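As a plain string of letters, each chain reads:
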Amino acid sequence: LRMFGRDYIDMVRPPVHTTKPLTHDYMSELFRLKKKGKIRAVGFPIHESFDIDPIIEAYPIDYMLFPYNFYHNCLTNGKTTGKTDEYNSISAKLRSKGIGGTIMKPSGSDWFIHPLIEAARQLDGTNEISLPQAALKYIINSDVNADVVFAGMYSLDNVYENVEAFYDPSMTSEENRLLKK
């Protein structure tokens, strides 16, 4: 906090990739600092739905990050409908416990998305289709009620491109076609 000249940190997300409760010393320190008001919110990521219960039972968390995107859905249920019970139930469970739902990896993962961005813009020859926008619109139009979507952005142009998806969330036929490829 001294290094950043701050009295508190808004959000902390320790890197957790296990279903077992963590016993590291820093975990007790993390929640001690939260009680003192030095950290406003603590959250954990999950990558599978079975990860949720051990974490919310072990820690008084404020939010949970989970992957949700057209690519994971396609792998999970073979189609890009935006309506997977698994993610809807995660979202509902979090809400019932007063825990915020935060979507991560809205475009898949970096290894997956970067090679496709240029191909997406050239799909119909107009360079107007944006894969990041289509991916965000997919989430907006799904049944998953997330409080926040963390989208990777590397430039100010990426910020503008992502924000545009929220101003016009309806999906075009080209965007639907792109996500089904």
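Everything below is about the structure printed above this text.
The shown structure was predicted, so the numbers you read here are calculated from the model rather than taken from an experiment.

Chemist: I would appreciate a short explanation of the sheet that holds strand β5 (residues 148-150) in the present structure.
Modeler: Strand pairing in a sheet takes place through backbone hydrogen bonds and is either antiparallel or parallel in direction. On the basis of which strands lie adjacent, the open sheet formed by five strands has the order β1-β2-β3-β4-β5 and parallel pairing. Looking along the sheet, the strands with just one partner apiece sit at the ends: β1 (9-12) and β5. Pairwise comparison of adjacent strand axes, ignoring direction, gives a mean angle of 25° for this sheet. The pairing of strand β3 (residues 63-67) with strand β4 (residues 100-104) spans five bridges and is parallel. Residue Phe66 lies in a different strand from β4, and its bridge partner there is Ile103. Set on the sheet, helix α1 (residues 25-35) makes contact with β1 and β2 (39-45); between it and β2 the angle comes to about 145°.

Chemist: How should α1 be read in this particular structure?
Modeler: Structural remark: α-helix, 3.6 residues per turn; residues separated by three or four positions point the same way. For α1, the complete set of buried residues consists of Met27, Leu30 and Phe31. The buried residues of α1 occupy an angular sector of 85° when the element is viewed end-on, so they sit on one face. α1 presents Asp25 and Ser28 as exposed residues on the side facing more than 90 degrees away from its buried surface. Buried positions along α1 lie against β1 and β2.

Chemist: Would you explain the environment of Asp7 in this entry?
Modeler: Mapped onto the secondary structure, Asp7 falls in the segment before β1. With relative accessibility at 62%, the residue Asp7 sits in the exposed group. When the C-alpha atoms of Asp7 and Ile39 are compared, they prove to be 9.0 Å apart, with 32 residues separating the residues in sequence. Once you skip the residues sitting within four places of it in the chain, Asp7 turns out to touch Leu1 and Lys38.

Calculation notes
- Residues numbered from 1 in each chain as written.
- Predicted model: local features only at pLDDT ≥ 70, side-chain atom pairs only at ≥ 80, totals over all residues.
- Heavy atoms only, no water.
- Pairing = 2+ DSSP bridges.
- Helix = DSSP H or I, 4+ residues; strand = E, 2+ residues; numbered from the N terminus.
- Axes fitted to C-alpha atoms, helices over the stretch in contact; angles between N-to-C directions.
- Contact = heavy atoms within 4.5 Å.
- Buried < 20%, exposed > 50% of the residue type's maximum accessible area, 1.4 Å probe, protein only.
- Arc of directions from axis to C-beta.

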